[in-house]
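Tertiary structure, described
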Amino acid sequence: MHRHHRTPLAATLAANSISTAGTSLTLIGVPWFVLETTGSAGRAGLVAFCATLPIVLAALIGGPFIDRIGRRRVAVASDTVCGLAIAAIPLLHHVGALEFWMLCALMALNGFAHTPGNTARYVLIPDLAEHAGTTLPRAASLFDAVSRGARMVGAALAGVLIAFVGSETVLLLDAATFGLSALLVAFGVRGLSSAEPRKGGAPVSMRTYGTELREGYGHLLGNRLLLAVVVMVMFMNGTDQGWNAVLLPVHAESELGGAKAIGLLTALFGAGGLTGALLYGAVGHRFSRRAVFTVCVILCGAPRFLVAAVTGTVLPLAVTMLLGGIAGGVLNPILTTVIYERVPDRLRSRVSGALTAGCEFAMPLGGLAAGLLVEGMGSSGALLAMGGVYFVATLSPLVFPAWRTMEEPAAEAVPAMAGRGDPVAGPGAPAQEVSVPPEVSSSAPSRPAPAP
């Protein structure tokens, strides 16, 4: 396979890694900025609500739009708008013009613009894998692994930068990562037909748009496994958002010594996630998908809430985050492969939009609820309450029969991968900070929230 055939996949992976590193800067920088400037956990939760509600709204209606405009163009435009919105926060604050409502509005714009671009990159992976001559499970694992590595680097960098140069500079650096990501996609994914506007469709109208939208939701509602994934990940991403936006910053400020502890803990989770994703990509096909997924999903998130609630030092939580990251790193390669296998290319953007909307539906309430719980029952009580919700959600694969079909070959496998290396049916993966398309974010979500 010639090198130029690998360029679109390499450019997308590079863009995603740079964007994800920037996400870690936002993940730590914005909550810390709010706590520094307002001192209120409730306001931090309100900002998180404003940042994530538009993500859900955009995902609800955005699938057909991505196909009409073209995946490459949507990704570039999305990154451009997000970069401008994030840069405006420190610039307006520097000149004394930033009001709290402006901060909420800019984060809302960032969330709304981010979702279509994130989905556009995500749905390209099967075609990019075919173009590069690799298999879908390997491409999915690689996509997740580079994201986790970038989160690890970005989180460590954010903690140090906030301590030495302040959260405003961190947000400016994040804005720059959006710009670089846009350039990589704009020039690196040219010439790929699946990245360009879909031709030959019905004329644009509200009726045809509605029909296309219903096709995506109809496919999701007709597949019990995909529905089970959405419901479980919805609760996980909601509680993850509370952890990322409120609980961890408040706990770090009061018990752990500040923003550097957040950077360390998030970096350790990212390091564990990178390790888990690489391990699954190397040997995961030897084991039962459902068995591996069930064990790892129970271990990946809930323990950190408990440990943070009962301890006030960094070391126990650091060990928990590292081990939870390893477990979490296995999840998204499995989920991504299962979803790609069960959604045909014609519906991929529409179904991914529906999946994203469902998986991130609880995220706006997660951040808001965490802020209210901290102010009403204290940090430890809030951690135990949200950790309990997380744990109950992760019992889903043990309870609901739909998860048993995870082992079965999909009826609509991705045709792009047929006849290339490993079989598609082999195992292959929320947050946002949600996350990307249906992705478990687990402490390090996709812009503006995930993914483990």
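Keep in mind that what you see is a predicted model, and the values were worked out from it rather than measured.

What counts and what doesn't
- Residues numbered from 1 in each chain as written.
- Predicted model: local features only at pLDDT ≥ 70, side-chain atom pairs only at ≥ 80, totals over all residues.
- Heavy atoms only, no water.
- Helix = DSSP H or I, 4+ residues; strand = E, 2+ residues; numbered from the N terminus.
- Buried < 20%, exposed > 50% of the residue type's maximum accessible area, 1.4 Å probe, protein only.
- Areas by Shrake-Rupley, 256 points an atom, 1.4 Å probe, with all protein chains shown as cover.
- Expected span 1.5 Å × (residues − 1).
- Bend = angle between axes of the 7 residues up to and from the residue.
- Axes fitted to C-alpha atoms, helices over the stretch in contact; angles between N-to-C directions.
- Left-handed = near helix turned anticlockwise from the far one by under 90°.
- Nonpolar A, V, L, I, M, F, W, Y, C, P; charged D, E, K, R; others polar.
- Core = buried A, V, L, I, M, F, W, Y, C linked by side-chain atoms within 4.5 Å.
- Contact = heavy atoms within 4.5 Å.
- Disulfide = S-S within 2.5 Å.
- pLDDT = per-residue confidence, 0-100.
- Patch = residues over 30% accessible without salt bridge, like charges linked within 9 Å, V, L, I, M, F, W, Y side chains within 5 Å.
- Salt bridge = Lys/Arg side-chain N within 4 Å of Asp/Glu carboxyl O.
- Phe/Tyr/Trp six-rings, centres within 6.5 Å; stacked < 30°, edge-to-face > 60°.
- Parallel < 35°, antiparallel > 145°, perpendicular 65-115°, else oblique.

Scanning the protein chain from N- to C-terminus turns up 17 helices and 0 strands. When the 452 residues of the protein chain are sorted by exposure, 62% land in the buried category. A total of about 16400 Å² of accessible surface is found on the protein chain, and carbon and sulfur atoms cover 69% of it.

Topologically, I28 is positioned in helix α1 (residues 3-38). A residue is classified by how much of its surface remains accessible, and I28, at 3% relative accessible area, is buried. Sequence separation between I28 and A245 is 217 residues, and the spatial gap between their C-alpha atoms is 8.0 Å.

Glancing now at helix α16 (residues 363-393). The end-to-end C-alpha distance of α16, which contains 31 residues, comes to just 14 Å, noticeably less than the 45 Å that a straight helix rising 1.5 Å per residue would cover. A maximum bend of about 125° is found in α16 at M377.

Packing of helix α10 (residues 224-256) against α16 leaves a shortest axis separation of 8 Å and a crossing angle of 145°. Here α10 and α16 pass one another in a crossing that is left-handed. Per-class residue counts for the contact of α10 with α16 are 16 nonpolar, 9 polar and 1 charged.

We now examine the nonpolar core. One finds L103, W243, L247 and F293 to be the most contacted residues of the largest nonpolar core, which totals 112 residues. For this core, the leading source of residues is α10, giving 16 residues. If sequence neighbours within four positions are ignored, L103 has contacts with F33, V34, V47, I89 and L98.

Before going further, it helps to spend a moment on the state of the cysteines. Counted under the stated rule, the structure contains 0 disulfides. No disulfide involves C50; its nearest neighbouring cysteine sulfur is the one of C104, lying 3.9 Å away. A relative accessible area of 18% means that C50 is categorised as buried. The buried category is assigned to C104, whose relative accessible area is 9%.

Let's shift gears to the confidence of the model for the protein chain. In the predicted model, the protein chain carries a mean pLDDT of 76, and 82% of its residues have values of at least 70. Within the protein chain, the element-level pLDDT minimum falls on helix α3 (residues 63-69), averaging 67, and the maximum on helix α13 (residues 302-310), averaging 93. Note that pLDDT drops below 50 for residues 411-452; the model gives that stretch 218 contacts with residues more than four away or on any other chain.

On to a nonpolar patch on the surface, then. On the surface, L53, L57 and F112 cluster together into a nonpolar patch covering about 250 Å² of accessible area. Tracing the chain through its elements places L53 in helix α2 (residues 41-61).

Glancing now at the packing of aromatic side chains. According to the stated counting rule, one finds 3 aromatic pairs in the structure shown. Seen in terms of ring centroids, F293 and W403 are 5.4 Å apart; in terms of plane orientation they differ by 25°. Their pairing is stacked. Note that F293 is positioned in helix α12 (residues 289-300) and W403 in the segment after α17 (396-399), a separation of 110 residues in sequence. Overall, F293 belongs to the buried group, its relative accessible area being 1%.

It is worth spelling out the environment of L171 at this point. On the secondary structure map, L171 appears in helix α8 (residues 167-188). Judged by relative accessible area, L171 falls into the buried class, the value being 0%. Among residues more than four places away in sequence, those in contact with L171 are G29, V30, I86, I89 and P90.

Turning to the packing of α10 against α13, a few remarks are in order. Two numbers describe how α10 lies on α13: the axes approach to 12 Å, and their chain directions differ by 25°. Relative to α13, the element α10 is oriented roughly parallel. The chirality of how α10 crosses α13 is left-handed. Counted together, T239, D240, W243, L247 and H251 of α10 and R304, F305 and A308 of α13 form the full contact between these two elements.

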